[in-house]
4 protein chains.
Amino acid sequence: MFLLATLKHKRGGGEFSHTETLCELVVENLRENGVRSEIVTLVEYDIPPGTKSNMGKGDEWPMILKKVLAADILVFATPIWWGNHSSLMQRAIERLDELHNELRDTGKSRLTNKVGGIVITGEEDGEQHITGSISNFMLSIGVTLPPMCAVSYQGAYTRATKKSLARKFREEKQTASAAESMARNLAFFARLLVENRIPEGKSG
Amino acid sequence: MFLLATLKHKRGGGEFSHTETLCELVVENLRENGVRSEIVTLVEYDIPPGTKSNMGKGDEWPMILKKVLAADILVFATPIWWGNHSSLMQRAIERLDELHNELRDTGKSRLTNKVGGIVITGEEDGEQHITGSISNFMLSIGVTLPPMCAVSYQGAYTRATKKSLARKFREEKQTASAAESMARNLAFFARLLVENRIPEGKSG
Amino acid sequence: MFLLATLKHKRGGGEFSHTETLCELVVENLRENGVRSEIVTLVEYDIPPGTKSNMGKGDEWPMILKKVLAADILVFATPIWWGNHSSLMQRAIERLDELHNELRDTGKSRLTNKVGGIVITGEEDGEQHITGSISNFMLSIGVTLPPMCAVSYQGAYTRATKKSLARKFREEKQTASAAESMARNLAFFARLLVENRIPEGKSG
Amino acid sequence: MFLLATLKHKRGGGEFSHTETLCELVVENLRENGVRSEIVTLVEYDIPPGTKSNMGKGDEWPMILKKVLAADILVFATPIWWGNHSSLMQRAIERLDELHNELRDTGKSRLTNKVGGIVITGEEDGEQHITGSISNFMLSIGVTLPPMCAVSYQGAYTRATKKSLARKFREEKQTASAAESMARNLAFFARLLVENRIPEGKSG
């Protein structure tokens, strides 16, 4: 299950999302490993600011949270803006904060036994920094991170089409191979944790 | 001029913003240095995702941008969520991106000769990291940063009232003195740059 | 196997290392999970700057690297200095860079199937940022990160003795419980990966 | 005055430092603004770990510190290793920590009225993150940061010579123009602060 935090709105027409295009390569690789995926594009939903799982009337986050909780694999996908993940990625992190309060109070996380991945694209520098920020959050909230669970692509492609960019990702050995390793490791760990649940502490 | 990126909505009643309370201490110190301030609370406005100065119908950012461009001093004020500035602070940064494109293309920034400051509060760890992220952005886009231009406060005050927290800030020597130095330096540099404009490059 | 990057030299007498003291709590918890540990204190060794596994005459890193490669669990332990891990932690990361070149060239990491953990202490702010930086490195180089694999402690204890600090760590529920979860998860994943090797890619 | 934190040792022969080459471009631009510079290459000195200005016998940092204190402009120059500044840059930051203790205790910094700049090169991603980290440190310790005070270059130049890389920097509009703006702003602010000293607080 992918939380895609592109700033580009489909209804806005025009531009396509580089991040979505890279997600699709990972989805394809996951499929080859027997994993079905869904991409939730955050910009299409009304997700008000806040740190609770449900911020009340009109809030569409609870529906997304249900999918997060049902998934075995959780991928955060974001463009880079000024060295950081997008405001929509940060919004999702803030809205997941209540789950961390639960973990702190009970010692149990509703995200235990889930496996995490990261997809990043940008014109700008910042991929490793963002991988770090997201990893810190995911680990703290109970998610397991397999080796090489992140894929990124940096470059300015003002004249690229969705099709030409998708082809580029497949042809560049480094990107294609990173997506392949990522998908293989996500699938391997997801199965491992379905069969071997992480033991809980005494009290938490 | 303060861009306040608290997640707490006044209309939501209940909770007060710690970040706003710390901003007010800086505002008070700026007043003693002869500087008038205005705090714009981002959560009260409709600021859609995007990287343009104007994202069209219903977008309230252009009005805020006008105030940003008119000010001599620009303070970014944010709570800490998972080691990063809030999604609303990131939103403001994304919406300022078009100004950076202008700078890249023309060599001139509409933020030149402005002086920057930073206000951070949080229960959590992350103040230095956020100061770094915001500094990187501000410097890149043409803002000058005086020494000790940031003030922060970390602590969990579940039972604090706005009044008791404001008193706490004033009484804790470290916070009070950081706010004082920050305001003194912001005021000094703002005047210095009014009287001594930064020279422009040949071509940019 | 712990790489301890404190700046405090035992031969220097006087001060004890807070980071070492926190490592010892984790070692104790690992022992309860049937895991034997060794702490290597980097400041005691001559580790010249460079990015190769062996920098030649007088270099004591190759000996440490041997222990890194032999271990099932790898813990990076560092104090915080100005929001970052110490220069000695960074030195170790730089010296591990050649292993990453190997991974890039062959698709195989000599650190695959190892499990990683993080220990941080500081007077200063920065724990989440450092957890992120180290996580990014560990994941990139082939290490698996279990949930809650980091423990940290922030506070200024100018009058603490090693004994009083060790007691403090044990008595503060949050620290004690973080060390316990960390050790339990490190032990669980280390065993899991001994029995279930991560599959390799076709070509890498 | 440049603190150059390359890992490449001249005595080691062979490789030249990309970071040093970029520093030289800035030095040249500073000269055109009437500023004389000196580059201190940290790897050539014996700088033991620690957080004091003088760590005793054999410590060569005190000599470097004297130059830091005498300079009007202070440039931190570092390669990128795993998204962070080098261990030698971090070492210099740690060794400057005692100056910050002074500032905290007396309210006065011996670095006040100095102007800061940043030079970064790397094969890897991380320039904005490092600019942020160094900015946070410089601002906290009393240094002023002018707009666009950082220049960076990312790229893998395995077959470059020092001469070809220097030419490349001069020919790439973006790098050449960033070095030019940086030098112009450093020189402008250094003179401004020689003529207009930053006012001190009452008590500090």
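## Overview of the confidence of the model for chain A
Looking at chain A, the pLDDT average stands at 94 and 97% of residues meet or exceed 70. Interface confidence in the predicted complex, given as ipTM, is 0.96; pTM for the same model is 0.97.

## Quick look at the relation of the copies chain A and chain C
Two copies of the chain are present, and they differ by a rotation about an axis and a shift along that axis. For the pair chain A and chain C, the best superposition has an RMSD of 0.0 Å and corresponds to a rotation of 180° with a translation of 0.0 Å parallel to the axis. With respect to symmetry, the two chain copies, as superposed, fit the operation of a two-fold axis. If distances are taken from each C-alpha of chain A to the rotation axis, the shortest is found for A:Gly132, at 1.8 Å.

## Things to note about the interface of chain D and chain C
At the junction of the two partners, chain D supplies 23 residues and chain C supplies 23 residues. For the chain D and chain C pair, buried surface summed over both sides reaches about 2100 Å², with 57% attributable to carbon and sulfur atoms. Together, D:Trp81, D:Trp82 and D:Ser87 form the three largest contributors to the area buried by chain D at its contact with chain C, with a combined 32%. Counting every contact that joins chain D to chain C gives zero salt bridges. Seen at the junction of chain D and chain C, the total is 12 residue pairs in polar contact (both at pLDDT 80 or more). Of all elements in the fold, only strand S4 (84-85), helix H3 (87-95), helix H4 (97-106) and helix H5 (127-140) of chain D reach the threshold of two or more residues within the side of chain D that touches chain C. Of all the elements, H3(D) adds the most residues to the side of chain D that touches chain C, at six residues. A class-by-class count of the residues in the side of chain D that touches chain C yields eight nonpolar, 12 polar and three charged.

## Remarks on the side chain of D:Asn84
Along the chain, D:Asn84 falls in strand S4. Take D:Asn84: its relative accessible area is 5%, and that puts it in the buried class. The contact partners of D:Asn84, leaving out residues within four places of it in the chain, are C:Asn84, C:His85, C:Gln90, C:Ser133, D:Pro79, D:His129 and D:Ile130.

## Quick word on the environment of C:Leu186
All names here are of chain C. Position of Leu-186 among the secondary structure elements: in helix H7 (residues 173-195). Overall, the relative accessible area of 0% leaves Leu-186 in the buried class. Each C-alpha atom, one on Leu-186 and one on Phe-16, is 26 Å from the other, the two residues being 170 residues apart in sequence. What Leu-186 contacts, discounting residues up to four positions off in sequence, is Leu-30, Ile-73, Val-75, Val-115, Gly-116, Gly-117, Pro-146 and Cys-149.

Thresholds, definitions, all that
- Within any chain, residue numbers begin from 1 and follow the written order of that chain's sequence.
- Note on labels: chains are lettered from A, ligands numbered from 1, in written order.
- Residue-level local features of this predicted model are given only where pLDDT is at least 70; pairs of side-chain atoms are given and counted only at 80 or more, and the full residue set underlies all totals for whole chains, interfaces and linings.
- To obtain the side-chain values, all non-hydrogen atoms of the structure were included, while hydrogens and water were left out.
- The predictor attaches a confidence to each residue, and that confidence, scored 0 to 100, is pLDDT.
- To line up the copies, we fit them by least squares on C-alpha atoms, keeping just the residues with pLDDT of at least 70 in both.
- We call two residues contacting when some pair of their heavy atoms lies within 4.5 Å.
- Buried area is a sum: the accessible area each of two parts loses on coming together, probed at 1.4 Å, counted once for each and added.
- Salt bridges are defined as contacts in which a side-chain nitrogen from Lys or Arg sits within 4 Å of a carboxyl oxygen from Asp or Glu.
- Two N or O atoms count as a polar contact when they lie within 3.5 Å, although within protein this holds only if one can serve as hydrogen donor and the other as acceptor, and sequence-adjacent residues are included solely when both atoms are side-chain atoms.
- Runs of E in the DSSP output that reach at least two residues are strands. Runs of H or I that reach at least four are helices, and both are numbered from the N terminus.
- Any residue outside Ala, Val, Leu, Ile, Met, Phe, Trp, Tyr, Cys, Pro, Asp, Glu, Lys and Arg is labelled polar, Gly included; the first ten of those are nonpolar and the last four are charged.
- A 1.4 Å probe rolled over the protein chains alone gives each residue an accessible area, and that area as a share of the maximum for its type sets the label: buried under 20%, exposed over 50%, partly exposed in between.

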